[in-house]
Amino acid sequence: MKLLLVMMLCLGSSSVVTAQDAQPMTIRPELIDSIIEIRGQNYVLDHADLEEYPHGRGERIYISSLESKGFAEISFFDDEDSPEQTIAVMLSEFESASSRFEVLKQGNVGNIHYALAHFRLPGYEGYFYIEVAQDVDGNVDIQQNFYSLNADFSEQLALVREDVTIDGVPFLQAPVIDLDDIIAEHAAQQATLAATPVVETYVVRDSDVTIVSPVRSYNELSNDVLDVVFFTTATGEANGLIGYLQDDETIPANVIRAIVADTRGRAPG
């Protein structure tokens, strides 16, 4: 299976490209007879990779906003992977880099497979959309994907469409699902949830422990040393616990060892 690289950590950082790079550019891929043009007004080429792996080849072109507000990719795959496998790997990469990840809609329309997801990084939230068109030229599949922060997604997608074309057709010109409607509905649901606190109650040592959103619980622990509930903030930026020591004489070092041993590898999200 192909190895996919996610550029998520670029969000909110300084530009990976500079205004000096802002110039028109024409790219002719090696795997397909096609022409990619980048105007360079808002989006420019970040880098391109030609990959060889045991079951095929891939050619990946990464395009970035000059202001680091949006990131696009156009890729061509001449391999044995199905579009579903390609999308699954990309979604998995995004999920592993996110503190919270939700696939909002996924499926296919004809030979075009798609997925729209919402991701959360510490201090950032955004949307990611991917389409893979199968066998557009022989065995070659074409992938287009784009991600940006919540507030910037629609504006930045419009800008990259102005700047990037594939054989004269704007990048992701006509997604097979209505991105604006789905994102608007999701944003409304998020706003409703944020305005309606979720209350969780746990009984710990015959006492009620109440956790109210945006703080949430993610684990409980009861052993010979202590009884606790672990919690985290909604952004995943801070974690904590509350609980009780057992009645016997437990030394602090044992408590710390018990917590570290049980929570190693159990980070929330």
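Residues numbered from 1 in each chain as written. Predicted model: local features only at pLDDT ≥ 70, side-chain atom pairs only at ≥ 80, totals over all residues. Heavy atoms only, no water.

1. Things to note about the layout of surface pockets
Roughly 200 Å³ of internal volume is contained in the second largest pocket. For the lining of the second largest pocket, the element with the most residues is strand β8 (residues 124–137), which contributes three residues. By residue class, the composition of the lining of the second largest pocket is ten nonpolar, two polar and two charged. (1 Å grid on protein atoms, 1.4 Å probe; cavity = no way out; pocket = protein on both sides within 12 Å on 5 of 7 lines; lining within 4 Å. Points joined across faces, edges and corners; volume = space filled by probe spheres on them. Helix = DSSP H or I, 4+ residues; strand = E, 2+ residues; numbered from the N terminus. Nonpolar A, V, L, I, M, F, W, Y, C, P; charged D, E, K, R; others polar.)

2. A word on unusual backbone geometry
Here Asp135, not a glycine, exhibits a phi torsion of approximately 50°, which is positive. By secondary structure assignment, the location of Asp135 is in strand β8. A residue is classified by how much of its surface remains accessible, and Asp135, at 40% relative accessible area, is partly exposed. The phi dihedral of Leu172 is positive, around 45°, even though this residue is not glycine. Position of Leu172 among the secondary structure elements: in the loop between β11 (169–170) and α3 (179–195). Judged by its relative accessible area of 3%, Leu172 falls in the buried class. (Buried < 20%, exposed > 50% of the residue type's maximum accessible area, 1.4 Å probe, protein only.)

3. Focus: the sheet that holds strand β2 (residues 36–38)
Overall, antiparallel pairing links the four strands, which are arranged β1-β2-β10-β11 in an open sheet. Each end of this open sheet is capped by a strand with a single partner; those strands are β1 (25–27) and β11. Sheet topology places β1 next to β2; three bridges connect them, and they run antiparallel. By the bridge assignment, Thr26 is partnered in β2 with Glu37. (Pairing = 2+ DSSP bridges.)

4. Some thoughts on the nonpolar core
Residues Ile36, Ile74, Phe76, Phe146 and Phe171 are the most contacted members of the largest nonpolar core, which totals 31 residues. Among the elements that line this core, the one with the most residues is helix α2 (residues 153–163), at four residues. Formed by 14 residues, the second largest nonpolar core is a distinct cluster that contains Phe71, Leu121, Phe128 and Ile130. (Core = buried A, V, L, I, M, F, W, Y, C linked by side-chain atoms within 4.5 Å.)

5. As for the pattern of salt bridges
The full count for this structure, using the stated rule, is five salt bridges. The partner of Arg120 in a salt bridge is Glu125, and the shortest N-O contact between them spans 3.3 Å. Classification of Arg120 by relative accessible area gives buried; the value is 10%. Several salt bridges share partner residues, and in doing so they unite Glu51, Arg60 and Glu73 into one network. (Salt bridge = Lys/Arg side-chain N within 4 Å of Asp/Glu carboxyl O.)

6. Considerations on the pairing of strand β3 (residues 43–53)
Relative to strand β4 (residues 56–65), β3 runs antiparallel, the two sharing ten bridges. When the sheet's bridge partners are listed, His47 is paired in β4 with Tyr62. The turn joining β3 and β4, which pair antiparallel and follow one another in sequence, is formed by two residues.

7. Some details on the environment of Thr165
Note on placement: Thr165 falls in strand β10 (residues 164–166). Between the alpha carbons of Thr165 and Ile35 there is a distance of 8.1 Å; along the sequence they are 130 residues apart. If sequence neighbours within four positions are ignored, Thr165 has contacts with Ile35, Ile36, Glu37, Pro170 and Phe171. (Contact = heavy atoms within 4.5 Å.)

8. Some remarks on a negative patch on the surface
A surface patch of negative charge is lined by Asp33, Glu37, Asp137 and Asp167. Relative to the helices and strands, Glu37 is located in strand β2. Under the relative-accessibility criterion, Glu37 is labelled partly exposed at 40%. (Patch = residues over 30% accessible without salt bridge, like charges linked within 9 Å, V, L, I, M, F, W, Y side chains within 5 Å. Areas by Shrake-Rupley, 256 points an atom, 1.4 Å probe, with all protein chains shown as cover. Lys, Arg positive; Asp, Glu negative; His and termini not counted. Charge placed at Lys NZ, Arg CZ, Asp CG, Glu CD.)

9. So, the environment of Ser82
Assignment of secondary structure puts Ser82 in the loop between β5 (70–79) and α1 (83–97). Classification of Ser82 by relative accessible area gives partly exposed; the value is 21%. Sequence separation of Ser82 and Asp135 is 53 residues, and the distance between their C-alpha atoms is 9.8 Å. Side-chain polar atoms of Ser82 contact the side chain of Glu84, separated by 3.2 Å. (Polar contact = N/O pair within 3.5 Å; in protein donor to acceptor, adjacent residues only side chain to side chain.)

10. Points about the confidence of the model for the chain
When pLDDT is averaged across the chain, the result is 83; 78% of the residues are at 70 or more. In this model, residues 265–269 is a region of pLDDT below 50 whose contacts with residues beyond four sequence positions or in other chains number nine contacts. (pLDDT = per-residue confidence, 0-100.)

11. So, the packing of aromatic side chains
For the structure on display, the rule yields seven aromatic pairs. Their ring planes at 75° and their centres at 6.1 Å tell us that Tyr127 and Phe153 sit as a pair that is edge-to-face. Highlighted residues: Tyr127 in strand β8 and Phe153 in helix α2, separated in sequence by 26 residues. Feature note: the residues Phe71, Phe94, Phe119, Phe128 and Tyr147 constitute an aromatic cluster, connected by ring pairs. (Phe/Tyr/Trp six-rings, centres within 6.5 Å; stacked < 30°, edge-to-face > 60°.)

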